[in-house]
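Fold and contact review
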Amino acid sequence: KHRHGLLAADLSTCHRSLTNADVPVYCCPPKRESDEPVYDFQFSNPTEPKRIRRPAYLMDEDYIAKYEKAIKIMKQFPYEDPLNFMRQADMHCIYCNGAYNQLNSSYWYKIHRSWLFFPWHRIHVYFHERIVGKLLGDDTFAVPYWNWDHPDGMVIPEFYTRGAYVDKDRDRAHLPPEIVDDSFDYVEKGLGPEEQIASNLAFMYTQMVSGAKKTELFMGCKRFPGEEGDCDGPGTIELAPHNALHAWVGSGLQPERENMGAFYSAARDPIFYAHHANIDRLWTVWKLKRFKGHEPEFVDTVWLDSYFYFHDENRRLVRIKIRDCLDIEKLNYGYEEVELPWLNARP
Ligand code: C2O
């Protein structure tokens, strides 16, 4: 068995891939990334202030205007620039739909439905945050998180319906004040607000607590390099609310509920980053409960030494190992704590 290799993308192989509905899609970078110099990831200078992520619904107009300005700047960069907004969105398309082959394999490298899910998305948001901070000249900038696991956060945060935060391809029936359905399965449940909130909290309890007692149930299956390792087992939270809310936000008038509803287009909607900041936060909440802090979720070196590529805020192509993705203290950001009402919502 191929349990000793590493899982990584082969940057020389970018090719057309397939959407969730098997429609061909092409989202490769304009120039081959394998021609760029690669830098090993380094933690930022410890004198840098820690970035504190706060719930989206608490953001004030100053913050909203600043982040919007950065989004506009990113949208104006040419597509050749890795900091261009669409290029960042296409990173998700590349890694979600399998535009690269796995290293030493003809298998398509994909980061969903396995133990790659949480760390890859953490670093995608991490660099988005640092890019925004850099463009604003603000090294304290932190992305907002959409805390849809709390009744206060169970609607699309209002500012995402304004200005550069708008994505026209969203389900109109799900704009505020509609309460999210965190187990949405393409069918409207037709619950009233109170019932929907109760249903959301009970579902959160299942996904975070009763259904997530083993590491693989929460983190996703252990995917190994090569054919033996093509596991397909998303963790509880990845399956829903994560996938469910992607579909819930996207437009019912689009074939794959684009933009948020399909991997290739999801990160074109600015709310993607707030959604994933909450996913990332829930990972830290689960980890604290299960491991009381800093032990790694898995000790398999194939996981710890596998790595991702991203462009950093200085446009350098960086290689980061999963072992360096596991401690947000070291990554120098944190989450403002909010109540976890689902902890007491055992169905
Ligand atoms: Cu790569 Cu929210 O999905």
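Everything discussed here concerns the structure shown above.
These figures come from a predicted structure and were not determined experimentally.

Overview of the sheet that holds strand β4 (residues 38-40)
With mixed pairing, the three strands of this open sheet are ordered in space as β4-β8-β7. Two strands bound the open sheet, and with one partner strand each, they are β4 and β7 (307-311). Looking at each pair of strands side by side, their axes are set apart by 35 degrees on average, direction ignored. Here β7 pairs with strand β8 (residues 317-321) via five bridges, running antiparallel. In the sheet register, F308 faces β8, and the bridge partner there is I320. Contacting β7 and β8, helix α3 (residues 117-136) crosses the sheet at an angle of about 20 degrees to β7.

What to know about the layout of surface pockets
Of the pockets and cavities examined, the largest pocket occupies roughly 690 Å³. Elements represented by at least two residues in the lining of the largest pocket include exactly α8 (271-291) and β9 (333-335). Residue contributions to the lining of the largest pocket peak at six residues, all from α8. Class assignment of the residues belonging to the lining of the largest pocket gives a composition of eleven nonpolar, four polar and 13 charged. Empty space within the second largest pocket amounts to approximately 320 Å³.

Description of the pattern of salt bridges
Here the idea is simple: oppositely charged side chains can pair when their charged atoms come close. The final tally for this structure, using the stated rule, is 24 salt bridges. With its nearest N and O atoms 3.0 Å apart, the salt bridge here joins E336 to R54. Of the two residues, E336 is situated in the segment after β9 and R54 in the loop between β5 (51-53) and α1 (61-76); the sequence distance between them amounts to 282 residues. Relative accessible area serves as the criterion here: at 27%, E336 is assigned to the partly exposed category. Overall, R54 belongs to the partly exposed group, its relative accessible area being 31%.

A closer look at the state of the cysteines
One pass over the structure, following the stated rule, counts three disulfides. The side chain of C14 participates in a disulfide bridge whose partner is C28; the two sulfur atoms lie 2.2 Å from each other. Across the S-S bond of C14 and C28 the torsion is about -95 degrees, and the bridge reads as left-handed. Of this pair, C14 sits in the loop between β1 (9-10) and β2 (17-18) while C28 sits in the loop between β3 (24-25) and β4, placing them 14 residues apart in sequence. Here C14 falls in the partly exposed class, since its relative accessible area comes to 24%. Residue class for C28 comes out buried when judged on its relative accessible area of 6%. The side chain of C27 participates in a disulfide bridge whose partner is C93; the two sulfur atoms lie 2.1 Å from each other.

Concerning helix α6 (residues 236-249)
With 14 residues, α6 should reach 20 Å at 1.5 Å per residue; the first-to-last C-alpha distance of 19 Å fits that figure. Taking burial as the measure, the 14 residues of α6 include twelve buried ones, the bulk of the element. Looking at α6, one finds that the buried residues are T236, I237, E238, A240, P241, H242, A244, L245, H246, A247, W248 and V249. Taken together, the buried residues of α6 touch α3, α4 (193-210), α5 (215-219), α7 (263-266) and α8.

Some points on the packing of α3 against α8
Running from N to C, α3 and α8 point in directions that differ by 130 degrees, and their axes come no closer than 9 Å. In this view, α3 runs oblique relative to α8, as classed from their interaxial angle. Handedness of the α3/α8 crossing: left-handed. Within the contact between the two elements, α3 uses F117, F118, P119, H121, R122, H124, V125 and H128 and α8 uses F272, Y273, H276, A277, I279, D280, W283 and T284. Here the residues of the contact of α3 with α8 sort into nine nonpolar, five polar and two charged.

A short note on unusual backbone geometry
A cis amide bond links P176 to the next residue, P177, at an omega of 10 degrees. For the peptide bond that leads from A240 to P241, omega is 5 degrees, which places it in the cis range. On the secondary structure map, P241 appears in helix α6.

Let's talk about the side chain of K287
Along the chain, K287 turns up in helix α8. Using a relative accessible area of 7% as the deciding quantity, one classes K287 as buried.

Procedures and definitions
Residues numbered from 1 in each chain as written. Predicted model: local features only at pLDDT ≥ 70, side-chain atom pairs only at ≥ 80, totals over all residues. Heavy atoms only, no water. Pairing = 2+ DSSP bridges. Helix = DSSP H or I, 4+ residues; strand = E, 2+ residues; numbered from the N terminus. Axes fitted to C-alpha atoms, helices over the stretch in contact; angles between N-to-C directions. Contact = heavy atoms within 4.5 Å. 1 Å grid on protein atoms, 1.4 Å probe; cavity = no way out; pocket = protein on both sides within 12 Å on 5 of 7 lines; lining within 4 Å. Points joined across faces, edges and corners; volume = space filled by probe spheres on them. Nonpolar A, V, L, I, M, F, W, Y, C, P; charged D, E, K, R; others polar. Salt bridge = Lys/Arg side-chain N within 4 Å of Asp/Glu carboxyl O. Buried < 20%, exposed > 50% of the residue type's maximum accessible area, 1.4 Å probe, protein only. Disulfide = S-S within 2.5 Å. Expected span 1.5 Å × (residues − 1). Parallel < 35°, antiparallel > 145°, perpendicular 65-115°, else oblique. Left-handed = near helix turned anticlockwise from the far one by under 90°.

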